[in-house]
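Read off the chains here:
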Amino acid sequence: MIVLGIETSCDETAAAVVNDKREILSNRVLTQLEDHRPYGGVVPEIAARAHLEHIDRLVAEAMDDAGLEFDDLDAIACTGGPGLIGGVMVGTMTAKSIAFATGKPFLAVNHLEGHALTVRLTDDVAFPYLLLLVSGGHCQVLIVEGVGQYKRIGTTIDDAVGEAFDKTAKMMGLGYPGGPALEKLAATGDPLRFRLPRPLRGRPGCDFSFSGLKTAVRVHLDGFPVEQRTPEVKADLAASFQRAVGETLIDRCKNAIYQFMNDYPAGNTLVLAGGVAANKYLRTRLTELTDKAGMKLVAPPLELCTDNAAMIAWAGLERFRLGQEDPLDFKPRPRWPLDPEAPKRPGAGVKA
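Residues numbered from 1 in each chain as written. Predicted model: local features only at pLDDT ≥ 70, side-chain atom pairs only at ≥ 80, totals over all residues. Heavy atoms only, no water.

### Quick look at the overall build of the chain
- A count of helices and strands for the chain gives ten helices and ten strands.
- Within the chain, residue pairs in contact and separated by at least 24 positions form 74% of the contacts whose partners lie at least 6 positions apart.
- When the accessible area of the chain is evaluated, it comes to approximately 14900 Å², of which 52% is carbon and sulfur surface. (Helix = DSSP H or I, 4+ residues; strand = E, 2+ residues; numbered from the N terminus. Contact = heavy atoms within 4.5 Å. Areas by Shrake-Rupley, 256 points an atom, 1.4 Å probe, with all protein chains shown as cover.)

### Focus on helix 5 (residues 161–171)
- Burial within helix 5 is extensive, with eight of its eleven residues counted as buried.
- Taken as a whole, helix 5 has its buried residues at V161, G162, E163, A164, F165, T168, A169 and M171.
- If you follow the buried residues of helix 5, they end up packed against strand 6 (129–134), strand 7 (139–146), helix 6 (178–186), helix 7 (211–222), helix 8 (231–263) and helix 9 (280–293).
- Immediately downstream of helix 5, the backbone of G173 shows phi near 70°, a positive value. (Buried < 20%, exposed > 50% of the residue type's maximum accessible area, 1.4 Å probe, protein only.)

### Describing the pairing of strand 4 (residues 75–81)
- Buried residues dominate strand 4, accounting for seven of its seven residues.
- Bridge count between strand 1 (residues 2–7) and strand 4: four bridges; the pairing is parallel. Its bridge partner being in strand 4, I6 is matched across the sheet by C78.
- Pairing of strand 4 with strand 5 (residues 106–110) involves five bridges; the strand directions are parallel. (Pairing = 2+ DSSP bridges.)

### Observations concerning the environment of R49
- Here R49 shows up in helix 2 (residues 44–66).
- Counting along the chain gives 41 residues from R49 to V90, while the straight-line C-alpha distance between them is 8.8 Å.

### Here's the deal with helix 4 (residues 111–122)
- Taking 1.5 Å of rise per residue, the twelve residues of helix 4 would be expected to cover 16 Å, and the 17 Å separating its terminal C-alpha atoms lies within 8% of that figure.
- For helix 4, the tally of buried residues reaches eleven of twelve residues, placing the bulk of the element in the interior.
- Those residues of helix 4 that sit buried are H111, L112, E113, G114, H115, A116, L117, T118, V119, R120 and L121.
- Looking at where helix 4 begins, the residue whose side-chain oxygen comes 2.8 Å from the main-chain nitrogen of L112 is N110.
- Count one or two residues on from helix 4 and you reach D124, which has phi positive near 55°. (Expected span 1.5 Å × (residues − 1). Polar contact = N/O pair within 3.5 Å; in protein donor to acceptor, adjacent residues only side chain to side chain.)

### What about the sheet that holds strand 9 (residues 269–273)?
- With respect to topology, five strands assemble into an open sheet ordered 8-7-6-9-10, the strand pairing being mixed. For this open sheet the edge positions go to strand 8 (149–155) and strand 10 (296–298), each flanked by a neighbour on one side alone. Adjacent strand axes in the sheet meet at a mean angle of 25°, parallel and antiparallel pairs treated alike.
- The pairing of strand 6 with strand 7 spans six bridges and is classified as antiparallel. Within strand 7, the position partnered with L133 by the bridge is Q140. (Axes fitted to C-alpha atoms, helices over the stretch in contact; angles between N-to-C directions.)

### Details of the packing of aromatic side chains
- Overall, the coordinates contain seven aromatic pairs when judged by the stated rule.
- Centroid distance F106 to F330: 6.5 Å. Interplanar angle 55°. Geometry classified as tilted. Taken together, the positions of F106 in strand 5 and F330 in the segment after helix 10 (310–320) put the pair 224 residues apart, joining distant regions of the chain. Across the pair, F330 and F106 agree in class, each one buried.
- On the basis of an interplanar angle of 15° and a centroid distance of 5.8 Å, the ring pair of F127 and Y129 is categorised as stacked.
- The partly exposed category is assigned to F127, whose relative accessible area is 26%.
- Ring-pair connections join several aromatic residues into one group, and the members of that group are F106, F330 and W336. (Phe/Tyr/Trp six-rings, centres within 6.5 Å; stacked < 30°, edge-to-face > 60°.)

### Digging into the sheet that holds strand 3 (residues 24–31)
- Across the sheet, which stays open at both edges, the five strands sit in the order 3-2-1-4-5 with mixed pairing between neighbours. Two strands close off the open sheet at either side, each with one partner strand: strand 3 and strand 5. For this sheet, the mean angle separating the axes of adjacent strands, direction not counted, is 20°.
- Along the sheet, helix 4 contacts strand 1, strand 3, strand 4 and strand 5; its crossing angle with strand 5, the most-contacted strand, is approximately 95°.
- Its contacts with the sheet place helix 10 against strand 1, strand 2 (12–19), strand 3, strand 4 and strand 5, and it is angled at close to 45° to strand 2.

Next comes the structure, spelled out in structure tokens:
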């Protein structure tokens with residue numbers, strides 16, 4: 001079984017081909033960082049136009065890398081949401097066109113499910129498992145019972161963790177993208193210099209909050225005149241922030257692990273997924289937590305943590321071999337929760 005995947009939910013245009021032997025036959029990713037860097041963040045209209053300009057070439061290159069023709073495929077998958085709707089529409093219409101022209105089945109994949117199932121492509125992780133999904137737009141803890149079966153037990157009530165990284169980096173003048181720049185700077189700093197809060201630490205439940213932490217960074221930064229914001233000060237503040245994030249995630253995940261192990265005694269895996277899963281410091285801290293809990297931490301390779309089409313192709317393949325497919329009148333979705341039955345959290349808005 002061979003599936004072509006297309007990903008255009010944000011600022012990467014990507015196409016990939018995978019098979020049911022868990023082989024990535026091709027994986028093309030075109031970043032738009034230089035297009036958005038002058039604006040300090042992703043501009044939706046620019047992103048959509050870039051997807052439109054490059055998607056046909058990326059698909060052709062992915063098929064060429066795999067050494068395949070469209071007739072060799074079993075299905076076409078794409079990100080159907082959530083994401084910037086202009087970009088999602090570009091990828092969805094491209095996938096629909098290929099599916100219509102070739103007569104192949106079409107699958108609209110939830111972008112978050114792509115992240116959630118990547119470890120089944122890379123590590124063949126068995127259901128059920130506990131998932132910490134951390135990205136620029138989401139911070140959730142879910143129990144993954146199967147394909148399309150998600151039980152959300154925790155979510156952010158304000159900022160996502162990746163959002164907090166990016167906004168903190170922007171305050172410190174680290175440029176775009178901020179998260180990787182902050183991680184690099186933090187590696188040279190003293191994580192004990194600045195006292196920062198650990199939001200919700202010690203409280204019941206598995207929800208997250210990062211808005212107050214971000215504000216505390218601003219307060220410390222404002223305590224230094226601009227001329228005194230030396231590289232050392234910024235490095236120490238970055239390290240202190242990253243340590244606070246790590247300890248917050250550990251505290252919240254402790255509660256999640258307890259609930260998961262109580263409800264699913266056969267499960268023994270915490271999966272870390274999403275763009276922030278590429279942060280090596282956070283991986284180390286969460287590995288320490290799972291080791292103490294008698295679990296194992298599994299995270300995709302760094303290149304499969306950020307947005308890519310291999311995860312979309314794989315999620316489509318997982319659905320297709322269960323007999324699922326989508327009609328060609330599928331409507332792209334800017335919002336698409338993995339667990340639509342989960343109760344809304346006060347103040348969480350669309351991130352709930």
